Amino acid sequence: MSRIVIIGGHGKVALLAAPLLVEAGHEVVSIIRNPDQAADITATGATPLVLSIEDADVAELTRAFTGADAIVWSAGAGGKGGPQRTDAVDRAAAIRSMEAAAAAGVKRYVMVSFITAYGEVADDHPLRAYAIAKIAADRHLQTTGLDWTILGPGLLTLEEPTGAITVARLAPGSASDSGRTSRANVARTIAAVLAEPASIGKVIPFYDGDTPIAQAVADVPQEYADLS
């Protein structure tokens, strides 16, 4: 049994991941900002912890992480508050959480990012501030001594999980719906990489596909870890 802390515990993916981890025998702590969401967290089998990731400093995060075996970042500004808040949450807070994980002695860190979080961000990118912040956080994570995995799901949907994905980058200019990814499959992928040591040090871009998730995350090309 491991103690797993999910940051962004009330997000759609996190609410699906928590019960899977609990069912697997883990103790799950889900960090939420709004205490009114605590009942939803409890219903998943996880323990709610009220803490503003945006406002918490490294010391506060370190206390929250102490005793954990793994951290899962599944938080985000969600476009609320403009570019400044996007940077504050998706980059700055994420980096503080990495520093806190190291300070708390938590080696395992799973980052939920997005499928095209690499390379240069075009000036006309529809989510430019978000993309810049996420890429910066992902690149920073790679410089830490943490046992990291970066998950890059495609366009998120509410479709039922298939339990199967394709691990691949999207070709430049490909249609957005070619990377459709069930949030429930993302939740299953989080659980799978936490159980798969071969996923450490890997960037895993993926979308709904044909390969069973456990198999897909066990054999990811190292070339995908190049975010330049």
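Above this note sits the structure.
Residue numbers restart at each chain and count upward from 1, following the sequence in its written direction. Only residues with pLDDT of at least 70 are given local features in this predicted model, and only at 80 or more are side-chain atom pairs given and counted; all residues enter the totals for whole chains, interfaces and linings. Each side-chain value is worked out from all heavy atoms of the structure, with water and hydrogens disregarded.

Trainee: What should I look at first to understand the environment of Ile 31 in this one?
Mentor: With respect to the helices, strands and loops of the structure, Ile 31 is situated in strand E2 (residues 27-32). Separated by 15 residues in sequence, Ile 31 and Ala 46 place their C-alpha atoms 9.9 Å apart. In this structure, Ile 31 is in contact with Val 5, Ile 6, Ile 7, Gly 8, Gly 9, Leu 49, Leu 51, Ile 53 and Phe 65, ignoring residues within four places of it in sequence. Starting at the N terminus, helices and strands are each numbered in turn, a helix being any DSSP run of H or I of at least four residues and a strand any DSSP run of E of at least two. Contacts are residue-level and defined by heavy atoms, with any inter-residue pair within 4.5 Å sufficient.

Trainee: Explain the packing of aromatic side chains to me, please; I cannot follow it from the model alone.
Mentor: Any pair of Phe, Tyr and Trp rings, taking the six-membered ring for Trp, is counted once the centres come within 6.5 Å. Such a pair is stacked with planes under 30 degrees apart, edge-to-face with planes over 60 apart, and tilted for the rest. What the rule picks out here adds up to 1 aromatic pair. An angle of 45 degrees between the planes, with centres 5.2 Å apart, marks the rings of Phe 114 and Tyr 130 as tilted. In this pair, Phe 114 sits in the loop between strand E5 (108-112) and helix H5 (128-143) while Tyr 130 sits in helix H5, placing the two residues 16 residues apart along the sequence. In this scheme, a residue with accessible area under 20% of its type's maximum is buried, one over 50% is exposed, and one in between is partly exposed, where area comes from a 1.4 Å probe on protein chains only. With a relative accessible area of 15%, Phe 114 lands in the buried category. The partly exposed category is assigned to Tyr 130, whose relative accessible area is 27%.

Trainee: Would you explain the pattern of salt bridges in this entry?
Mentor: Pairing is possible between side chains of opposite charge, provided their charged atoms come close. Salt bridges, as used here, are contacts in which a Lys or Arg side-chain nitrogen is within 4 Å of a carboxyl oxygen on Asp or Glu. Taken as a whole, this structure holds 7 salt bridges when the rule is applied. Ionic pairing is found between Arg 33 and Glu 54, a salt bridge with its closest N-O pair at 2.8 Å. One end of the pair, Arg 33, is in the loop between E2 and helix H2 (38-43); the other, Glu 54, is in the loop between strand E3 (47-50) and helix H3 (58-65), and 21 residues separate them in sequence. The exposure class assigned to Arg 33 is partly exposed, which follows from its relative accessible area of 48%.

Trainee: Looking at this model, I keep getting lost on the packing of helix H4 (residues 82-103) against H5. Mind explaining?
Mentor: If you want to describe how two helices pack, look at the angle between their axes and the distance between the axes. All axes here are fitted lines through C-alpha atoms, helices being fitted over the stretch that makes contact, and every angle between N-to-C directions spans 0 to 180 degrees. Between H4 and H5, whose axes approach to 8 Å, the crossing angle comes to 10 degrees. Considering the angle they form, H4 stands roughly parallel to H5. Only Ala 129, Tyr 130, Ala 133, Lys 134, Ala 136, Ala 137, His 140 and Leu 141 of H5 make contact with H4, whose side of the interface consists of Pro 83, Thr 86, Asp 87, Asp 90, Arg 91, Ala 94, Ile 95 and Met 98. Asp, Glu, Lys and Arg are counted as charged, while Ala, Val, Leu, Ile, Met, Phe, Trp, Tyr, Cys and Pro are counted as nonpolar; the rest, among them Gly, fall into the polar class. The residue makeup of the contact of H4 with H5, split by class, is 10 nonpolar, 2 polar and 4 charged. An angle below 35 degrees is treated as roughly parallel, one above 145 as roughly antiparallel, one from 65 to 115 as roughly perpendicular, and anything else as oblique.

Trainee: Before we go on, may I ask you to explain the side chain of Ser 97 in this structure?
Mentor: One can find Ser 97 in helix H4. Overall, the relative accessible area of 0% leaves Ser 97 in the buried class. Here Ser 97 is in contact with Ile 7, Leu 61, Phe 65, Trp 73 and Tyr 109, once residues within four sequence places are set aside.

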